[in-house]
Amino acid sequence: MNGIKKNFRTVMQLMSILIIIGLFFSCERVSEEGLIADDKVDLPEVSEVLDCGECTYIVNEHETNGKELNIQPGDVICLESGRNYGPLLFKNIVGTMADPVIIKNCGGVATIDSDGSFGMKFQNSKHFKLLGDGSKEKYGIKVSTSSGFFVMMEYFTNSFTISQIEVAGKEPGGRGENSGFSGIGIKTSPYQDCDLFTDETRQAWIMKDIEVSNNYIHDTGGEGLYVGHGFYAGRKEKDCGQVTYSHSIQNIRIFDNIIENVGFDGIQIKNADRNVEVFDNQIRGFGLRDHGAHNEGLFIGEGSTGQYYNNLIMDGTGNGIQYQGMGNVDIFNNVIVNAKGNGFFGAHGQFVYRIPNGYHNILNNTFVNIGEVGFTFYNDDGGVKRLMNNVFAGVGGDMTSKGAELDSANNLFTQDVESLGFVDVGNGKLRLKSDSPLIDAGIDETYELGVIFDYKDDPRPAGSSVDIGAFEYQQD
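Since we're looking at a predicted model, the values are computed, not measured.

A. How the structure looks around the pairing of strand β39 (residues 429–432). Strand direction decides the pairing type here: strand β38 (residues 422–424) and β39, joined by 2 bridges, are antiparallel. Each residue of the ladder has a partner; that of Asp424, found in β39, is Lys429. The turn linking β38 back onto β39 is made up of 4 residues, and Gly428 within it adopts a positive phi angle of 75 degrees.

Encoded structure:
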């Protein structure tokens, strides 16, 4: 289907109707004050302190093996506040879909401070939730490490939730010898079972049913989120005798995370090829190590499909959005500000595979203060490429670059940022004033493709037509 998936669109249409009804009966007016700051992310509710006496098991060693400890579905494994935890390895933690194992903090904030090669690792585990909701603080588990992944899901770990975790780098901006690597890693690498991953259909093992939400990730040396191994077309890995293929990732939702001041990409996602949503995340300060191949805000990598929407991406050394997805992708309502590279860069090359009859929808995004080219999309292969109702304002290089044939309509390109009627560009408030030329200037085809709400989740259209950009002006 050339648009946002049918079930997603139907749900959002119902929500839109409810929002409109709510606005009609409310005495309050929608504020004109813009925002691309903290109140966009739905911060977790403050919990009560979990008494450690309510836990099934309290972690007191480097390794927690669910099989050896006879951990059962529904058990609660706790990290106790006040203990001096170094690197923690969890193996064989197995719950059920209906009754997952819970790993959480008790007695207050639990801290892991590792001088080893990782912070936390999970192996051969499934149907569990890693939750930092056992204290009154927003993030009840704090993980630091001097090297390697801060939190890693590997070796056939599957079906899990990660929420309310603070990933805290030891070096500001991820720069320094003790900066660690990526904040949260989610993948089983092909070299962890060379024979199994020779299956080029990617059906031998599938990673699925993943939620990553309400985490605070900052000052990591590598990516904030590192999802998927990549190399969709296959390659010969070290220690493998033949070509291997990365596993598929399905049913994954990444939302309401705050990612700040990371050395590499803010979010990198690859091989996520079914039921993918990345939304309502804030990425502020990306690519601070200025490593040319790893300095993107949002990296939609090879083998990926899905919906990427309502994300804030600002203040980085590379491209705002780097796109190498394979198609059937919707990218909409994103706000990209102060990216020193390109605003949107649709790459080509040996690592890019595109579905022959797929689609690539880039709709109603706002790009402001871009260092290089505003929009680039290479190669005509891979189906229709729709560029509609986007605004590119204040670009250091060319507005667009040569590339693929586009189905393009009602995009606005200008160097005059002030002319667009944003509330307060200097303070990052990009909602529209009543005299903005972006109001009612869009094409309604984006609504038909499923963009029925804006960056603030306000309904579209609010006037006679859809507005251009990520924000819809709400009439009094």
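B. Expanded view of the sheet that holds strand β10 (residues 151–154). Strand order in this open sheet of 11 strands is β2-β4-β7-β10-β13-β16-β21-β24-β27-β30-β33, and the pairing throughout is parallel. Of all strands in the sheet, those bounded by a partner on one side alone are β2 (63–65) and β33 (375–377). Strand-to-strand twist of the sheet, defined as the mean angle between neighbouring strand axes without regard to direction, takes the value 10 degrees. Pairing analysis gives 4 bridges linking strand β7 (residues 120–123) to β10, with the strands arranged parallel. Bridge pairing links Met120 to Val151 in β10.

C. Quick look at the state of the cysteines. Considering all chains together, one arrives at 3 disulfides under this definition. One disulfide in the model links Cys52 with Cys106; its S-S distance is 2.1 Å. The chirality of the disulfide connecting Cys52 with Cys106 is right-handed, given an S-S dihedral of about 95 degrees. Taken as a pair, Cys52 in the loop between α1 (6–25) and β1 (57–58) and Cys106 in strand β5 (residues 101–106) lie far apart in primary sequence, 54 residues in all.

D. Representation of the pattern of salt bridges. Here the structure, examined in full by the defined rule, presents 13 salt bridges. Residue Arg253 is joined to Glu211 by a salt bridge in which the shortest nitrogen-to-oxygen separation is 4.0 Å. Of this pair, Arg253 sits in strand β19 (residues 249–255) while Glu211 sits in strand β14 (residues 207–213), placing them 42 residues apart in sequence. Taking relative accessible area as the criterion, Arg253 reaches 33% and is therefore assigned partly exposed. Using a relative accessible area of 25% as the deciding quantity, one classes Glu211 as partly exposed.

E. Region of the structure containing the pairing of strand β12 (residues 165–168). Both faces of β12 are covered, namely the face carrying Ile165 and Val167 and the face carrying Glu166 and Ala168. As paired strands, strand β9 (residues 141–145) and β12 are joined by 3 bridges and run parallel to one another. Bridging from a neighbouring strand, Lys142 pairs with Glu166 of β12. Judged from the 3 bridges that link them, β12 and strand β15 (residues 216–218) form a sheet pairing that is parallel.

F. Layout of the sheet that holds strand β26 (residues 312–316). Reading across the sheet, the 11 strands line up as β6-β9-β12-β15-β20-β23-β26-β29-β32-β35-β37 and stay open at both edges, with parallel pairing between neighbours. The open sheet has two edge strands, β6 (110–114) and β37 (412–414), and neither has a second partner. Along the sheet, successive strands turn relative to each other by an average axial angle of 10 degrees, direction set aside. Two elements, strand β29 (residues 335–339) and strand β32 (residues 366–370), share 4 bridges in a ladder whose sense is parallel. Looking across to β32, one finds that Ala339 is bridged to Ile370.

What counts, and where the lines are drawn
Residues numbered from 1 in each chain as written. Predicted model: local features only at pLDDT ≥ 70, side-chain atom pairs only at ≥ 80, totals over all residues. Heavy atoms only, no water. Pairing = 2+ DSSP bridges. Helix = DSSP H or I, 4+ residues; strand = E, 2+ residues; numbered from the N terminus. Axes fitted to C-alpha atoms, helices over the stretch in contact; angles between N-to-C directions. Disulfide = S-S within 2.5 Å. Salt bridge = Lys/Arg side-chain N within 4 Å of Asp/Glu carboxyl O. Buried < 20%, exposed > 50% of the residue type's maximum accessible area, 1.4 Å probe, protein only.

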